[in-house]
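# What the coordinates show
The chain contents come next:
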Amino acid sequence: MRWCPSSVLHLLRCLRSRSCCRRGRNNRLPPWIRDTWAYMTVLARSLYFNSLTDSDVVFDSIFEPVFWTVDYVTRWFGMVFVCLVVLLTSSIVVIAYVVLLPLVLNTYSPAWIAWHVCYGHWNLIMIAFHYYKAAKTCPGYPPTEKNDRPFVSVCKKCIIPKPARTHHCGICNRCILKMDHHCPWLNNCVGHLNHRYFFSFCLFMTLGCVYCSISGRNLFLDAYNAIERFKHLDMEKPGIPVTGMGLLIGLFPPGQASYQTPAPPYTFKDKMINKSIIYMWVLTSTVGVALGALTIWHAVLISRGETSIERHINSKETKRMAKQGRVYRNPFSYGRLNNWKIFFGVEKRSHWVTRVLLPSGHAPHGDGLTWEAHQVKKDLIPV
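What you see is a predicted model; the values in this text were computed from it and never measured. (Residues numbered from 1 in each chain as written. Predicted model: local features only at pLDDT ≥ 70, side-chain atom pairs only at ≥ 80, totals over all residues. Heavy atoms only, no water.)

Within the chain, the secondary structure is distributed over 13 helices and 6 strands. Looking at the 383 residues of the chain, the share that counts as buried comes to 31%. (Helix = DSSP H or I, 4+ residues; strand = E, 2+ residues; numbered from the N terminus. Buried < 20%, exposed > 50% of the residue type's maximum accessible area, 1.4 Å probe, protein only.)

Of all hydrophobic cores here, the largest spans 17 residues; its most connected members are Tyr131, Leu186, Phe198, Phe201 and Met205. Looking at this core, the elements that each hand over two or more residues are α5 (78-107), α6 (110-136) and α7 (195-215). Ranked by the residues each element gives to this core, the list is headed by α7, at 7 residues. Sequence-distant contacts of Tyr131, defined by excluding residues within four places in its chain, comprise Val82, Val85, Val86, Trp185, Leu186 and Phe201. Residues Val99, Ala226, Ile227 and Ile277 belong to the second largest nonpolar core, which totals 13 residues. (Core = buried A, V, L, I, M, F, W, Y, C linked by side-chain atoms within 4.5 Å. Contact = heavy atoms within 4.5 Å.)

Attention now goes to the packing of aromatic side chains. The geometry of an aromatic ring pair is captured by two quantities: the separation of the ring centres and the angle between the planes. Within this structure, the stated rule accounts for 16 aromatic pairs. Between Phe220 and Tyr224, the aromatic rings sit 6.3 Å apart at their centres with planes inclined by 35°, giving tilted as the arrangement. Separated by 4 residues within a single helix, Phe220 and Tyr224 lie in helix α8 (residues 217-235), roughly one turn from each other. Centre to centre, the rings of Trp340 and Phe344 are 5.6 Å apart; their planes meet at 15°, and the pair counts as stacked. Taken together, the positions of Trp340 and Phe344, both in helix α12 (residues 336-344) and 4 residues apart, correspond to about one turn of that helix. Ring pairing ties together the aromatic residues Trp115, Tyr119, Trp122, Phe204 and Tyr211, which thus form one cluster. Arg174 extends its terminal NZ or CZ atom over the ring of Tyr141, reaching a point 3.6 Å from the ring centre. (Phe/Tyr/Trp six-rings, centres within 6.5 Å; stacked < 30°, edge-to-face > 60°. Lys NZ or Arg CZ within 6 Å of the ring centre and 35° of its normal.)

A few words on helix α11 (residues 308-323). Look at α11: 24 Å from first C-alpha to last across 16 residues, which is about the 22 Å you get at 1.5 Å a residue. Of the positions making up α11, those classed as buried are Ser308, Glu310, Asn314, Glu317 and Met321. The buried residues of α11 occupy an angular sector of 160° when projected down its axis, which confines them to one face. Opposite its buried face, α11 presents the exposed residues His312, Lys316, Lys319 and Lys323, each directed more than 90 degrees away. The elements touched by buried residues of α11 are α10 (268-304). Among the residues trailing α11, Gly325 stands out with phi positive, at a value near 80°. (Expected span 1.5 Å × (residues − 1). Arc of directions from axis to C-beta.)

Moving on, we get to the layout of surface pockets. Any empty space left between the atoms is revealed when a probe the size of a water molecule rolls over them. By volume, the second largest pocket is sized at about 1,100 Å³. Together, 41 residues line the second largest pocket, and Ile92, Met205, Cys209, Cys212 and Thr284 are the ones closest to its centre. When residues in the lining of the second largest pocket are grouped by element, the largest group, 11 residues, is from α5. Within the lining of the second largest pocket, the residues separate by chemical class into 31 nonpolar, 10 polar and no charged. (1 Å grid on protein atoms, 1.4 Å probe; cavity = no way out; pocket = protein on both sides within 12 Å on 5 of 7 lines; lining within 4 Å. Points joined across faces, edges and corners; volume = space filled by probe spheres on them. Nonpolar A, V, L, I, M, F, W, Y, C, P; charged D, E, K, R; others polar.)

A separate point is α12. Asn339, Trp340, Phe343 and Phe344 are the residues of α12 that are buried. Buried residues of α12 fall within an arc of 120° about the axis and therefore sit on the same side. In this fold, the buried residues of α12 make contact with α7, α10 and α13 (351-357). The first or second residue beyond α12 is Gly345, which carries a positive phi of 75°.

Structurally, Thr166 is set in the loop between β2 (161-162) and β3 (167-169). Taking relative accessible area as the criterion, Thr166 reaches 4% and is therefore assigned buried. Among the polar contacts listed, one links the side chain of Thr166 to the backbone oxygen of Pro163, at a separation of 3.3 Å. Apart from residues no more than four positions distant in its own chain, Thr166 is found in contact with Pro142, Cys175, Ile176, Leu177 and Lys178. (Polar contact = N/O pair within 3.5 Å; in protein donor to acceptor, adjacent residues only side chain to side chain.)

Turning to the environment of Leu291, a few remarks are in order. Structurally, Leu291 can be placed in helix α10. Each C-alpha atom, one on Leu291 and one on Cys202, is 6.7 Å from the other, the two residues being 89 residues apart in sequence. Setting aside residues up to four positions removed in sequence, Leu291 forms contacts with Cys202, Met205 and Thr206.

Turning our attention to the pattern of salt bridges. Counted by the stated rule, this structure contains 5 salt bridges. One salt bridge in this structure joins Arg165 and Glu310, with 2.6 Å as the shortest N-O distance. Highlighted residues: Arg165 in the loop between β2 and β3 and Glu310 in helix α11, separated in sequence by 145 residues. Residues Arg165 and Glu310 agree in their burial class; the two are buried. One salt bridge in this structure joins Arg311 and Glu306, with 3.8 Å as the shortest N-O distance. What you see here is one network of salt bridges that share partners, running through Arg304, Glu306 and Arg311. (Salt bridge = Lys/Arg side-chain N within 4 Å of Asp/Glu carboxyl O.)

With that settled, consider the UniProt feature "transmembrane region" (unreviewed entry) in the chain. The positions that UniProt labels "transmembrane region" (unreviewed entry) are, in the present scheme, residues 76-100, 112-132, 197-220, 240-257 and 277-302. End-to-end, the C-alpha atoms of residues 112-132 are 30 Å apart, and along that stretch the chain is 100% helix and 0% strand. Overall, residues 277-302 shows 100% helix and 0% strand. The separation of its end C-alpha atoms is 36 Å. (UniProt positions renumbered as here; feature names shortened; annotations may be inferred.)

Pasting the structure below:
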């Protein structure tokens, strides 16, 4: 049986009329529903838009709202974390001057007094200087105008060329030169221009916490025993007050008409001093352990000539090339000692004192836009 042209035309007209009806129904929907449906359609299609899509892309797309929420909260609570660092550090300093310094001056020998005063003030100056510089120094941004600088890729969010070792920070919403991570305790990114300040702050804060924990151990034990003794004294009852018939049966001495509880053998000042010592020792010991582990981790990364982000990238490259029977080598590592010299900006021996052990605001090595790579094969350099 053959199809006649008139029947075919009739069928096509019916299909066209139905599609027009559907479009008309969709146009009747409110604009926000159509926009939401279009956005959801694009989002669903983006999960399989090309052959390069893998599980990581799907995972990032699904958890994008979670990442956005974390970035938003971290951005707005940055000043809260900074104020918390300042308050906790200031509380330890106040306890050291009000409680510990008088004890040191009354009990220690002149040599030990000089040591504690000199080291304590030097450590405090280094902590305050490096924290201020790490929080206030710009981490370094790539240029936004057109230039002839070499770059390795284009940022998908900033739509600007990205030099080597540059990454985009979702919290700052900018690309950072030699980005290590975003530190909420600084309310700032750790990048090329303030990486040294961040590490020096972690190092000297750890040294200060360890110093307070070790030197205050005996004071902590004495304060803890004193607090326990005060608790036992509070629990002991000196007697039972007698009222009413006390005067008739002669329980009170002549001339005494009321019962008086004896004063405690300690004062409120003694109790607060001991509690302050316990607070200082617990806080410095806890921060010393946590921050010390972070400082050691960053010291290992500096020795290898890489940042926290590059650590993950280099590990993936190492595994990928190991499957091909090749060895990956970090092109930005110049040897452990040279890595430390470049990181601290040490150009001569005296700089180990003037630029590492003393406050120094010198600029880091290089401009953060171009890097001298090791003489390695081209196929070993990650793109």
